[in-house]
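Structure at a glance
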Amino acid sequence: MVIKTAEFVISNTQISLCPSPDKPEFAFIGRSNVGKSSLLNMLTGRNKLAKVSTRPGKTQTINHYLINDSWYLADLPGYGFAVASQTNRYQWSKMIEQYLLTRENLYCTFILLDARLTPQPKDLDFIHWLGGKNIPLALVLTKADKLSRNELASSISLYKKTLEKTWDELPPFFVTSAETKTGREEVLGFIAEALERHN
Ligand code: GTP
Ligand code: MG
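Quick caveat: nothing in here was measured; it's all calculated off a predicted structure.

Using the criterion set out here, one finds five salt bridges in the structure. For the salt bridge of R103 with E25, the shortest nitrogen-to-oxygen distance reads 2.8 Å. Of the two residues, R103 sits in the loop between α2 (94-102) and β5 (106-114) while E25 sits in strand β2 (residues 25-30), which places them 78 residues apart along the sequence. Here the two residues R103 and E25 agree in accessibility, since each one is buried. Between R31 and D123 there is a salt bridge; the shortest N-O distance is 3.5 Å. Of the two residues, R31 is situated in the loop between β2 and α1 (36-44) and D123 in helix α3 (residues 121-132); the sequence distance between them amounts to 92 residues. We classify R31 as partly exposed; its relative accessible area is 21%.

Listed below in structure tokens is the structure:
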């Protein structure tokens, strides 16, 4: 897919202020610092579209970007920081939960996972929670450039093995790097297919 235009639309903390749900939407979710904003910039080819920071908790609002005038990318705050509440079982803010449960134009939620980490209980809980709610999801291992080829293969294999324990069929799975643009065509191809399927 060719990205012709990518524009920032709105940043907010209220679901009611999100753009009207009249276009397909894809969301990026994952723990703070996993690389959601960087992936958004890499996919769109606009390096400064979403703000990136070495400090976790940079993105604290839901940010909508309109792509090719026809679909949305939503960059969400990371969990495990800032928006997490102690009492919430998934340490999710009500905002994100409400977004995921009510956003009717959500075609797919990409859950980002740091390729350098072993599968983390918090991420697995979240993946299962989404699966249980029948919210379409895909998994994205990020920061692939930080691992050697062998380390990356082990990480992918460990994630898949862990998920196979509870999933009959693995969700779509991508490996990306915002540095080297690894996975760009694959993720954009998946989005293009999802858009066509829903047409
Ligand atoms: P929050 O908004 O805080 O939730 O973080 P985020 O998930 O949006 O992460 P962000 O894109 O801001 O990136 C966090 C840090 O990781 C930054 O220093 C990025 O430069 C770095 N980073 C992100 N993706 C990659 C990648 O693919 N490779 C490498 N080497 N660094 C990355
Ligand atoms: Mg961010």
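Time to look at the nonpolar core. Counting residues in hydrophobic clusters, the biggest one holds 34 residues, and the most contacted among them are Y99, L100, I111 and I127. Residue assignment for this core shows that the elements contributing at least two residues are β2, α2, β5, α3, β6 (137-142), α4 (149-164) and β7 (173-175). Sort the elements by how many residues they give to this core and α3 lands first, with five residues. When near neighbours in sequence (up to four residues on either side) are disregarded, Y99 contacts I15, E25, A27, I62, H64, A74, L76 and L106. Core analysis: the second largest hydrophobic core is formed by 28 residues, F28, A50, W71 and L73 among them.

With respect to the helices and strands, the residue N12 is situated in strand β1 (residues 6-12). By relative accessible area, N12 is classed as buried at 6%. One polar contact links the side chain of N12 to the main-chain amide nitrogen of Q14, over a distance of 2.8 Å.

Across all of its chains, the model carries nine aromatic pairs by this definition. Pairing F26 with Y107 gives two aromatic rings, centres 5.9 Å apart and planes at 70°, and the pair type is edge-to-face. Remark: Y107 occurs in strand β5 and F26 occurs in strand β2; sequence separation between them is 81 residues. By the burial criterion, F26 is buried, and Y107 matches it. Linked through ring pairs, F26, F28, W71, Y107, F110, F174 and F190 together constitute an aromatic cluster. Against the face of F173 rests K160, its NZ or CZ located 5.0 Å from the ring centre.

On to the pairing of strand β3 (residues 62-67). Across the six residues that make up β3, a large majority, six, are buried. Alternating residues of β3 divide into I62, H64 and L66 and N63, Y65 and I67, and every residue in both groups is buried. Here β1 runs beside β3; their pairing, made up of six bridges, is antiparallel. Bridged to N12 within β3 is I62. Pairing of β3 with strand β4 (residues 71-75), which is carried by five bridges, proceeds in the antiparallel orientation. Considered in β4, the bridge of H64 is made with A74. Here β3 hands over to β4 after three residues, with N68 in that stretch at a positive phi of 50°.

Reading guide: rules and limits
Residues numbered from 1 in each chain as written. Chains lettered and ligands numbered in written order. Predicted model: local features only at pLDDT ≥ 70, side-chain atom pairs only at ≥ 80, totals over all residues. Heavy atoms only, no water. Salt bridge = Lys/Arg side-chain N within 4 Å of Asp/Glu carboxyl O. Helix = DSSP H or I, 4+ residues; strand = E, 2+ residues; numbered from the N terminus. Buried < 20%, exposed > 50% of the residue type's maximum accessible area, 1.4 Å probe, protein only. Core = buried A, V, L, I, M, F, W, Y, C linked by side-chain atoms within 4.5 Å. Contact = heavy atoms within 4.5 Å. Polar contact = N/O pair within 3.5 Å; in protein donor to acceptor, adjacent residues only side chain to side chain. Phe/Tyr/Trp six-rings, centres within 6.5 Å; stacked < 30°, edge-to-face > 60°. Lys NZ or Arg CZ within 6 Å of the ring centre and 35° of its normal. Pairing = 2+ DSSP bridges.

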